[in-house]
Amino acid sequence: MTAESAEILTGQPIAGVAQPIVLDEAHESYFQLVWRRFRRSRVSIIGGLMVLILVILAIFADFFSPTDISQIDLKSSFIPPQQVHFIDHEGNFHLRPFVYNYVYELDPKTFRAIWAEDTSKIYEIHFFVQGPEYKLLGLFPSRLHLYGVEEGGTVYLLGTDKLGRDLWGKACEAGRISLSMSLFGTIISILFGSILGIASGYYGGWIDNVLQRFTEFVAAFPNLPLWMALAALVPKTADSFTVFVGMACIFALLTWTTLAREVRGKVLSLRETDFIMAAKEMGASDARIIFRHLFPNTLSHVIVILTLTIPGVILAESFLSFLGIGITEPLISWGLMMRNTQDIQALGQNAWILTPIAFIVVAVLGFNFLGDGLRDAADPYAAK
Amino acid sequence: MLNYILRRIVIAFFMLIGIGIVSFIVIKLPPGDYASRYEGYLLARGMSQEDADRAANLLRQQYDLDKPVPTQFVLWVKGMVTEGKFGYSFAYGKDVGVLIAERLPMTLLIALLCHAISTIVGVGLGIYVAPRKYGFMDNLWAILAFIFTSVPRFSLAIIILFVLVFTFNQPSLLSFFSPEYVFAPWSFAKVVDLFKHIWPVLVIAGLGGVARNLRVMRGNLLDVLGAQYVQTARAKGLTESKVILKHAVPNALHTIVAYQGTVLPYMMQGELEAAIILGLPTLGPLFYESLVNQDIYISGSLLLIYGVLILAGNLLADLSLAVLDPRIRYS
């Protein structure tokens, strides 16, 4: 036995053998490597930012909305988006942006009531103003709002809906349900998919066979029609929490198949690797191997699939809510806000009620971009 | 190979039974049996209690609702297969089979048209952008593909409807033909008229398909273009277009064929979404209405039909792939 191999076996330095110089090399962890690769893709950074902004808007919706987001004011129904001016109607330039209030006027020709700008008084937009009281995160009472105008003025930058609610504030608030529901549903589906995928790949044999046939069967099912059918079965009278959980479970029911397959493939290849073999030889239990060794190694793939599943759920949720078989009042989601556009008459006169589409598109694009970048970054050891 | 085909068909058959069971569960899941809901519907219409009772009992007998549930399932399947009887729809006062027969051909036509167009366009664009990897057009189409799959299809339908109605004053969207063509025999003008009515659905359902086909084709073609035989072809002095179209594309196409099974459900769902908003008389609006009215035999039967169509699409894709690509092993 040579000195080197003795050293390797015992881990003890052997006298008389030159010690290798260990450089204090900066060591990069897996997540640093992932981040480094992720950072290189500009599109995924943009996607991440889009998602982040929507999340912040949703959490602090009360702060970003100049009015009380739960307020209903039928007198200000369907006000068009208020234009932000710098130059008043007399042609004077103002450094501080301002808005004019809208007043109801009768069109002298058609006798139809229309909203017109009242140029007699200027309402300057101020930032970080005190406004209606709300509870930040549902806990801390606060009156601070990002922007607002003085008493008597209104500032509806995206206009109002039929019930006179500020579309901007409402859309921010709707993000809470749209985003959290899709996240919640996807997490359930991820849990289910990972468990089935790992079990299928790790145990193999008849368990694998049965689970694979089951996965194939669920994957072959038409998602949207079944979602619609199941969502329609959620009772209309159920309370908000039941509806939320019920809808999330319905979405989870059909989205886990992609993940189960991916995780199975990953586990199949990991099962034969040395470190799993070693763990087995040392007598580790199945549970320990699965939770300590296999699951962490599939986690990056799980996160990628999570990110790529969310947009599909957001789209499906908005469609179901739009049809009136998804989320119902008093909960609010982007799809439910779009429900007002079903009335083609109302839509024709108030085209701005289409704006929730923009929020949906930003969310879906953001998650797709993010997931795409993460997928490339998840495996940083692969040569590019 | 014959073995493989037979096995695929047997698996598909078992899937079919599974889909049937799930559809039946959806029919059975709401509380109370179907006849009692029918009775409630009749009572709401002002019928007297006895008459409604009698009508409900008649329905129970006719559709075997008084038998145990597994027997009901077997009878339901038997009724569909032997007599085309899917169950009774009280909103339409007809058997669901009749309703499906009325609407299925047009739904299929639209879905297949959409499928064909989006495949051709998507594959064509894929072939166009792949050799221009990371060029301007490639990046542009990558972003467009992302957008096509990200815009909610129902909102696209609303926007198209909005523009058509308020900008172009084209009101006749809610049917397949303009009034003057409804009873006219098929002619070129009638086909043109049909396209005038269904193009929004084709566009809405097709965009996502174009995007997906484009991405898949681009990826495959890039893989193939890196292969050595392509280099050999280039070294022989063939023109680049010949290298791509004659040598690379045929070998990149088979994945597209396999992919069709995945795109089909996407098309069907796009058609479903768009047709509901645009009110075209296809299966989509019928399905939605039945869910709202709790006309549960329609919902269940249509669920079954959608499942069967997608299953058939997958099966066809698998089989044609087996025929087209001799490299696939059938063990």
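Note that residues are indexed from 1 along each chain, following the sequence as it is written. Written order decides the labels, with chains lettered from A and ligands numbered from 1. pLDDT decides what is reported in this predicted model: residues at 70 or higher carry local features, side-chain atom pairs at 80 or more are listed and counted, and totals for whole chains, interfaces and linings draw on all residues regardless.

### Some thoughts on the interface of chain A and chain B
Each partner contributes residues to the interface: chain A has 30 residues there, and chain B has 34 residues. Labels follow the DSSP assignment, with helices taken as runs of H or I lasting at least four residues and strands as runs of E lasting at least two, numbered in each case from the N terminus. Among the elements of the structure, helix H6 (205-220), helix H7 (223-233), helix H11 (286-323), helix H13 (344-349) and helix H14 (356-377) of chain A are those that each provide at least two residues to the side of chain A that touches chain B. Considering every element that reaches the side of chain A that touches chain B, the biggest residue donor is H7 of chain A, with 8 residues. Note on residue categories: nonpolar means Ala, Val, Leu, Ile, Met, Phe, Trp, Tyr, Cys or Pro, charged means Asp, Glu, Lys or Arg, and polar means any other residue, Gly included. Looking at the side of chain A that touches chain B residue by residue, the class counts come to 25 nonpolar, 5 polar and no charged. We call two residues in contact when the distance between their C-beta atoms, placed using the backbone, is within 7 Å.

### What about the packing of helix H5 (residues 96-129) of chain B against helix H12 (residues 296-324) of chain B?
Residues and elements named next belong to chain B. The angle between two axes is taken between their N-to-C directions and runs from 0 to 180 degrees, where each axis is a line fitted to C-alpha atoms and a helix contributes only its stretch in contact. Remark: H5 packs on H12, axes separated minimally by 10 Å, with the N-to-C direction vectors making an angle of 50°. It follows that H5 is oblique to H12 by the angle criterion. When the axes of H5 and H12 are compared, the crossing they make is right-handed. Together, Val96, Leu99 and Ile100 of H5 and Tyr297, Ile298, Ser301 and Ile305 of H12 make up the contact between the two elements. Residues of the contact of H5 with H12, tallied by class, amount to 6 nonpolar, 1 polar and no charged. Here roughly perpendicular refers to angles of 65 to 115 degrees, roughly parallel to angles under 35, roughly antiparallel to angles over 145, and oblique to all remaining angles. Each crossing gets its handedness from the near helix: less than a right angle anticlockwise from the far helix is left-handed, clockwise is right-handed.

### A closer look at the domain arrangement of chain A
Residue and element names in this part refer to chain A. By domain assignment, chain A separates into domain 1 (49-58 + 169-377) and domain 2 (73-163). What counts as a domain boundary in this text is fixed by an automatic or database domain assignment. Between the C-alpha centres of domain 1 and domain 2 the distance comes to 38 Å. Residue-level contacts link 7 residues of domain 1 with 7 residues of domain 2. Of the residues assigned to the side of domain 1 that touches domain 2, the class counts are 3 nonpolar, 3 polar and 1 charged.

### Remarks on helix H9 (residues 257-271) of chain A
Residue and element names in this part refer to chain A. The terminal C-alpha atoms of H9 lie 21 Å apart, and with 15 residues this matches the ideal 21 Å at 1.5 Å per residue to within 8%. Put plainly, a residue is buried at 20 or more neighbouring C-beta atoms within 10 Å of its own, exposed at 12 or fewer, and partly exposed in between, counting only other residues' C-beta atoms, which are placed from the backbone. Every buried residue of H9 is listed here: Thr257, Leu259, Ala260, Arg261, Val263, Arg264 and Val267. Considering only its buried residues, H9 is in contact with helix H5 (167-203), H6 and H11. Expected helix span is computed as 1.5 Å times (number of residues minus one).

### Some thoughts on the nonpolar core
Judged by nonpolar contacts, the single largest core of 160 residues is most densely connected at Trp227, Met228, Ala231 and Met247 of chain A together with Ala157 and Val201 of chain B. Of the residues forming this core, the biggest block, 18 residues, is contributed by helix H10 (residues 240-278) of chain B. Ignoring anything within four residues of it in the chain, the contact list for Val201 of chain B reads Ile110, Glu271, Ala274, Ala275, Leu278 and Leu280 of chain B. Counting residues in hydrophobic clusters, the runner-up holds 8 residues, among them Val99, Tyr123, Ile125 and Val149 of chain A. Think of a nonpolar core as buried Ala, Val, Leu, Ile, Met, Phe, Trp, Tyr and Cys residues chained together by C-beta atoms that fall within 7 Å.

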